[in-house]
Amino acid sequence: LSTTELAQATLTQIKAMNPQFNAFITLNEAAGQAIEVEVGADQKLMGIPLAIKDNILTRGLKTTAASKILSNYMPVYDATVTKKAQAAGLVNIGKTNMDEFAMGSSNETSYFGAVKNPWNTNKVPGGSSGGSASAVASGQVLAALGTDTGGSVRQPASFNGIFGIKPTYGRVSRYGVIAFSSSLDQVGVLSRHVRDAAEILQAISGYDKHDNTSSAKEVPNWQVQGDVRGLKVAVPEEFMGSGVDAGVKEQVERAIQVLEQNGSTVDTVQLPHAQYAVQVYYIIASSEASSNLQRYDGIRYGVRAKDVHNLEDVYVKSRSEGFGDEVKRRIMLGSFALSAGYFDAYFNKAAQVRTLIIDDFNKVFEDYDLVVGPTSPTTAFDLGTRIEDPVVMYMNDILTIPANLAGLPAASVPVGLADGMPVGLQLIAKPFAEQTIFNAAQVLE
Ligand code: GLN
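Please read all numbers here as calculations on a predicted model, not as lab measurements.

## Some thoughts on the overall build of the protein chain
Along the protein chain, the regular secondary structure elements total 13 helices and 11 strands. Taken against the 2.2 N^0.38 rule, which gives 22 Å for 445 residues, the C-alpha radius of gyration of the protein chain at 21 Å falls within 12% of a compact globule. In terms of principal-axis extent, the alpha carbons of the protein chain reach across some 65 × 60 × 45 Å. Every one of the 445 residues in the protein chain was classed for burial, and the buried ones make up 56%. Across the protein chain, every contact between residues at least 6 apart in sequence was considered, and the portion connecting residues at least 24 apart equals 76%.

Written out as structure tokens, the structure is:
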């Protein structure tokens, strides 16, 4: 099988399935043509199709962030992760649907329409990397890149019954990734198998001089062992509270027992400030977003409003027409939190509480190797049921956000079903201890 044959077969399959799931925004029709060799030749990943979330720049292939304002945007350079994936032999097969600018938990804020969950097409696939998750879970691709600012790789992985990992902040370059919240954003991998995610993460990790938050720490050669003997596992009381569905809790508890049976010890611990994570996140993420999204002015990028009479008009009309409701909500919230009279009361306070959340984790990691709990309090919910109530939607991310605020590597591994829908176990490790996550996840796979 040649790389071109595999790419063409994959494209045919995606075209047949896209009307049903809407997981892709743009396909790379030229996929695989650049290198016509046997799949797997020279490099393990040679010729393997990879779906890429549409907020990651791909030179010459439209990149929209699922926003109207970027609906015609053609990048003139590749993100570092795009380049690295290509250098490892992976073939960019197309760009996946997502929540607009990665703001959302259900993929319903996309300008290109909602994505469907392959387990039940009346359910959301989660978000914001919902297209990536749906594409993998429905068998269109083996793996996909996503981004995770507050849970956007792990929650859709959980909702779709696949593996998803967000590495340590700084492990993977953010250069060429459309910025949402720069102190939280990380690129991650979604795949059916833990080993595939480890291979792909290996390929895209490492220091990048174009991203001054990227880490110079050496990327180890990850080996997926499936070994948790002697591992000290902590279950935060706050992650198993009354907000978590009984069916989810049951599967999570069963999975924790499996870790125990395989030789790890399990204790209950406290993360007392985790309860403030959602509030802290929405102030910090929205503040950074309001600043990052200033660049969409109708002049340098994307769609410019017609019928404009002066410069102010260009800005106001382009942004009013180009951004969706959720993005506008975040810009308003962030601008408010950063404004002179309120900066100390909101942004500064949030930054202080963020430090308390980090300290909570540091304390737990003095005695433990891994923090586990549910990835999401519920399984995938019905399309259309939460989109009208932002606070209900935001609360869905209460269990994934803490790892972003603390910059920790975290993953979701499928551990069973509740009422026919997949449940994910979240695994959070010490900074740069992705290896611990891979080993534990492999035991549960
Ligand atoms: N759902 C969260 C939000 O809407 C997280 C999104 C993300 O991780 N990109 O901000």
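Read on for the rest.
## A word on the sheet that holds strand 8 (residues 265-269)
Spatially, 11 strands are ordered 1-3-2-4-6-5-10-11-9-7-8 in an open sheet, and the strand pairing comes out mixed. Here the strands that pair on one side only, and so sit at the sheet edges, are strand 1 (24-27) and strand 8. On average, each strand axis in the sheet is tilted by 30 degrees relative to the strand beside it, whichever way the strands run. Direction of pairing for strand 10 (residues 410-418) relative to strand 11 (residues 421-429): antiparallel, over a ladder of 8 bridges. Within strand 11, the residue paired with Ala410 across the bridge is Ile428. Taken strand by strand, helix 1 (residues 3-21) contacts strand 1, strand 2 (49-53) and strand 3 (91-96), and its axis lies near 15 degrees from that of strand 3.

## Points about the nonpolar core
Across soluble globular proteins, you tend to see nonpolar side chains buried next to one another. Ranked by internal contacts, the top residues of the largest apolar core, which has 129 residues, are Leu50, Ala143, Leu370, Leu427, Ala440 and Ala441. A total of 8 residues in this core trace back to one element, the largest contributor, which is helix 7 (residues 277-292). Here Leu427 is in contact with Leu370, Val372, Ala410, Ala411, Val413, Ile437, Ala440 and Ala441, once residues within four sequence places are set aside.

## Digging into the UniProt feature "domain: Amidase" (unreviewed entry) in the protein chain
According to UniProt, the positions carrying the feature "domain: Amidase" (unreviewed entry) are residues 5-437. Structurally, residues 5-437 is divided into 34% helix and 15% strand, and its ends, taken at the C-alpha atoms, are 34 Å apart.

## Overview of the environment of Asp267
Considering the arrangement of structural elements, one finds Asp267 in strand 8. Remark: the alpha-carbon pair of Asp267 and Pro75, spanning 192 residues in sequence, is separated by 49 Å.

## Some remarks on the UniProt feature "active site" (unreviewed entry) in the protein chain
According to UniProt, the positions carrying the feature "active site" (unreviewed entry) are Lys53, Ser128 and Ser152. These annotated residues cover 100 residues of sequence, but their C-alpha atoms sit close together, with the largest distance between any two at 11.0 Å. The residue Lys53 is located in strand 2 in this model. Mapped onto the elements, Ser152 comes out in the loop between strand 4 (143-148) and helix 4 (154-160). Dropping the residues within four chain positions of it, Ser152 is found in contact with Ala102, Gly127, Ser128, Ser129, Gly146 and Thr147.

## A word on the site of the ligand
Of all residues adjacent to the ligand, which total 14 residues, the nearest are Ala102, Ser105, Thr149, Gly150 and Ser152. Of the residues that constitute the shell around the ligand, the class distribution is 4 nonpolar, 8 polar and 2 charged.

## Points about the confidence of the model for the protein chain
Per-residue pLDDT for the protein chain averages 97, and the proportion of residues at 70 or more is 100%. In the predicted complex, the global pTM is 0.98; the interface-specific ipTM is 0.97.

## Brief notes about the pairing of strand 11
A large share of strand 11 lies buried, amounting to 9 of its 9 residues. The pairing of strand 9 (residues 370-374) with strand 11 spans 5 bridges and is antiparallel. Residue pairing across strands places Gly373 opposite Gln426, the latter belonging to strand 11. Hairpin connection from strand 10 to strand 11: 2 residues lie between these consecutive antiparallel strands, with Asp419 at a positive phi of about 50 degrees.

## Regarding the environment of Ala198
Among the structural elements, Ala198 can be located in helix 5 (residues 194-204). Taking the number of C-beta atoms within 10 Å as the measure of exposure, Ala198 has 25 and is therefore buried. Taking the C-alpha atoms as reference, Ala198 lies 28 Å from Leu271; in sequence the two are 73 residues apart. Setting aside its immediate chain neighbours within four residues, Ala198 contacts Trp222, Val224 and Phe438.

## As for the pairing of strand 8
Inspection of the sheet shows strand 7 (residues 232-236) paired to strand 8 by 5 bridges, in the parallel sense. Residue pairing for strand 8: Ala234 is matched across the bridge by Asp267. Following the backbone out of strand 7, through helix 6 (residues 246-261) and into the adjacent parallel strand 8, one traces a crossover that is right-handed.

## With respect to the packing of helix 6 against helix 13 (residues 434-444)
Put simply, helix 6 and helix 13 touch, their axes get as near as 10 Å, and they point 105 degrees apart. Taken together, the axes of helix 6 and helix 13 are roughly perpendicular relative to one another. Taken together, the residues of helix 13 that come into contact with helix 6 (itself represented by Ala255, Val258 and Leu259) are Ala440, Val443 and Leu444. The residue makeup of the contact of helix 6 with helix 13, split by class, is 6 nonpolar, no polar and no charged.

## Notes on helix 10 (residues 344-367)
The end-to-end C-alpha separation of helix 10 is 35 Å, in line with the 34 Å expected for 24 residues at 1.5 Å each. Packed against the buried residues of helix 10 are strand 7, strand 8, helix 7, helix 9 (325-338), strand 9 and helix 12 (401-406).

Conventions adopted
- Residues numbered from 1 in each chain as written.
- Predicted model: local features only at pLDDT ≥ 70, side-chain atom pairs only at ≥ 80, totals over all residues.
- Helix = DSSP H or I, 4+ residues; strand = E, 2+ residues; numbered from the N terminus.
- Rg over C-alpha atoms; globule rule 2.2 N^0.38 Å.
- Buried ≥ 20, exposed ≤ 12 C-beta atoms within 10 Å, placed from the backbone.
- Contact = placed C-beta atoms within 7 Å.
- Pairing = 2+ DSSP bridges.
- Axes fitted to C-alpha atoms, helices over the stretch in contact; angles between N-to-C directions.
- Core = buried A, V, L, I, M, F, W, Y, C linked by C-beta atoms within 7 Å.
- UniProt positions renumbered as here; feature names shortened; annotations may be inferred.
- Near = placed C-beta within 6 Å.
- Nonpolar A, V, L, I, M, F, W, Y, C, P; charged D, E, K, R; others polar.
- pLDDT = per-residue confidence, 0-100.
- Right-handed = clockwise from strand over helix to strand, strands pointing away.
- Parallel < 35°, antiparallel > 145°, perpendicular 65-115°, else oblique.
- Expected span 1.5 Å × (residues − 1).

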